[in-house]
Amino acid sequence: MMRMFVYYWLPGDNDEQDHPNAFEVGHAGSGVKLKDIRAAFPLPGQYHFRFKMKWESSALWMDVTNEESMVPMFEDKVLAKVLRVNWGTAKSAAKSAPSASPDTSPMASAHSEDLLGDSSAAGAASPAKGSVSPRKHDEFDMLFS
């Protein structure tokens, strides 16, 4: 079993990328898997991980969601940008999370904003479920036709 440091920062906690936190993780010689990082991560809660990697001549952040996947390395180090999903454990979060349904989706709200600024749609009644209301043809659409 080999050991290496994982360097991470949480933008939501006002951490700075230039001064990352670190923890040690054990791994098989072939590389570090996401499940190894989750098992050794020092903070309680549920987190989403992005790992810095080199692609051609630039650096980018890659989301890794498969627990069995090897995480990418950048300049011979594992660098992670970490997003806190919740403070609880994964088990308690799954029990307390509401089930997603079309009626509870934020996009299903009858009071949603018209993103193009069409104020005439604001007071209109919402269409029946499953139907599509015709949009007014305005000057904005004509710019791109």
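Note that the structure is predicted; figures quoted are calculated from it, not measured. (Residues numbered from 1 in each chain as written. Predicted model: local features only at pLDDT ≥ 70, side-chain atom pairs only at ≥ 80, totals over all residues. Heavy atoms only, no water.)

Peer 1: Can you help me understand the overall build of the protein chain in this one?
Peer 2: Looking only at helices and strands, the protein chain features 3 helices and 5 strands. From first element to last, N terminus to C terminus, the protein chain shows the α and β order β-β-α-β-β-β-α-α. For the protein chain, the residues scored as buried account for 23% of the 145 residues in total. Within the protein chain, contacts between residues at least 6 apart in sequence are counted, and of these 49% link residues at least 24 apart. Summed over all atoms, the accessible surface of the protein chain reaches about 10,800 Å², with 56% contributed by carbon and sulfur. (Helix = DSSP H or I, 4+ residues; strand = E, 2+ residues; numbered from the N terminus. Buried < 20%, exposed > 50% of the residue type's maximum accessible area, 1.4 Å probe, protein only. Contact = heavy atoms within 4.5 Å. Areas by Shrake-Rupley, 256 points an atom, 1.4 Å probe, with all protein chains shown as cover.)

Peer 1: What am I meant to see in the pattern of salt bridges here?
Peer 2: Two side chains bearing opposite charge may form a pair once their charged atoms approach each other closely. All chains considered together, the criterion is met by 6 salt bridges. The closest approach of N and O atoms between Asp 63 and Arg 50, which form a salt bridge, is 2.5 Å. Taken together, the residues span a long stretch of sequence, with Asp 63 in strand E4 (residues 58-63) and Arg 50 in strand E3 (residues 46-55) at a distance of 13 residues. Taking relative accessible area as the criterion, Arg 50 reaches 32% and is therefore assigned partly exposed. (Salt bridge = Lys/Arg side-chain N within 4 Å of Asp/Glu carboxyl O.)

Peer 1: What is the right way to read the sheet that holds E4 from this model?
Peer 2: Strand pairing in a sheet is mediated by backbone hydrogen bonds. Such pairs are either parallel or antiparallel. Taken in spatial order, the 5 strands of this open sheet run E2-E1-E5-E3-E4, and their pairing is mixed. The open sheet has two edge strands, strand E2 (21-27) and E4, and neither has a second partner. For this sheet, the mean angle separating the axes of adjacent strands, direction not counted, is 35°. (Pairing = 2+ DSSP bridges. Axes fitted to C-alpha atoms, helices over the stretch in contact; angles between N-to-C directions.)

Peer 1: Explain the confidence of the model for the protein chain to me, please; I cannot follow it from the model alone.
Peer 2: Detailed reading of the predicted coordinates is not advisable wherever pLDDT is low. On average, the protein chain scores 74 in pLDDT, and the residues at 70 or more come to 61%. Overall, residues 92-127 carries pLDDT values under 50, and its contacts beyond four positions in sequence, including any with other chains, amount to 15 contacts. Contacts from residues 131-145, a stretch scored under 50 in pLDDT, to residues over four places away or in other chains number 9 contacts. (pLDDT = per-residue confidence, 0-100.)

Peer 1: Is there a simple way to explain the side chain of Lys 52 in this structure?
Peer 2: Mapping Lys 52 onto the fold places it in strand E3. One buried charge, Lys 52, has no salt-bridge partner; the nearest side chain with opposite charge is Glu 75, at 7.0 Å. Each residue touching Lys 52, except ones within four places of it in the same chain, is listed here: Gln 17, Ala 59, Leu 60, Trp 61, Pro 72, Met 73, Phe 74 and Leu 79. (Lys, Arg positive; Asp, Glu negative; His and termini not counted.)

Peer 1: Just checking my understanding: could you explain unusual backbone geometry for this structure?
Peer 2: The bulk of non-glycine residues show a negative phi, and the bulk of peptide bonds are trans. Non-glycine residue Glu 75 carries a positive phi angle of around 50°. Within the secondary structure, Glu 75 is located in the loop between E4 and strand E5 (78-86). A positive phi is found at Asp 76, a non-glycine position, where the angle reads about 65°. Classification of Asp 76 as exposed rests on a relative accessible area of 72%.

Peer 1: What should I look at first to understand the packing of aromatic side chains in this one?
Peer 2: One pair of aromatic rings is described through two measures. These are the centre distance and the angle between the planes. Counted under the stated rule, the structure contains 8 aromatic pairs. Aromatic rings pair up to connect Tyr 8, Phe 23, Phe 41, Tyr 47, Phe 49 and Phe 51 into one cluster. The positively charged end of Lys 52 is found above the aromatic ring belonging to Phe 74, 4.7 Å away from the centroid. (Phe/Tyr/Trp six-rings, centres within 6.5 Å; stacked < 30°, edge-to-face > 60°. Lys NZ or Arg CZ within 6 Å of the ring centre and 35° of its normal.)

Peer 1: Looking at this structure, I do not really get the side chain of His 27. What am I missing?
Peer 2: Turning to its location among the elements, His 27 is positioned in strand E2. Looking at His 27, its side chain comes within polar contact range of the main-chain oxygen of Gly 31, at 3.5 Å. For His 27, the contacting residues outside a window of four places in its chain are Met 1, Met 2, Arg 3, Met 4, Val 32 and Asp 36. (Polar contact = N/O pair within 3.5 Å; in protein donor to acceptor, adjacent residues only side chain to side chain.)

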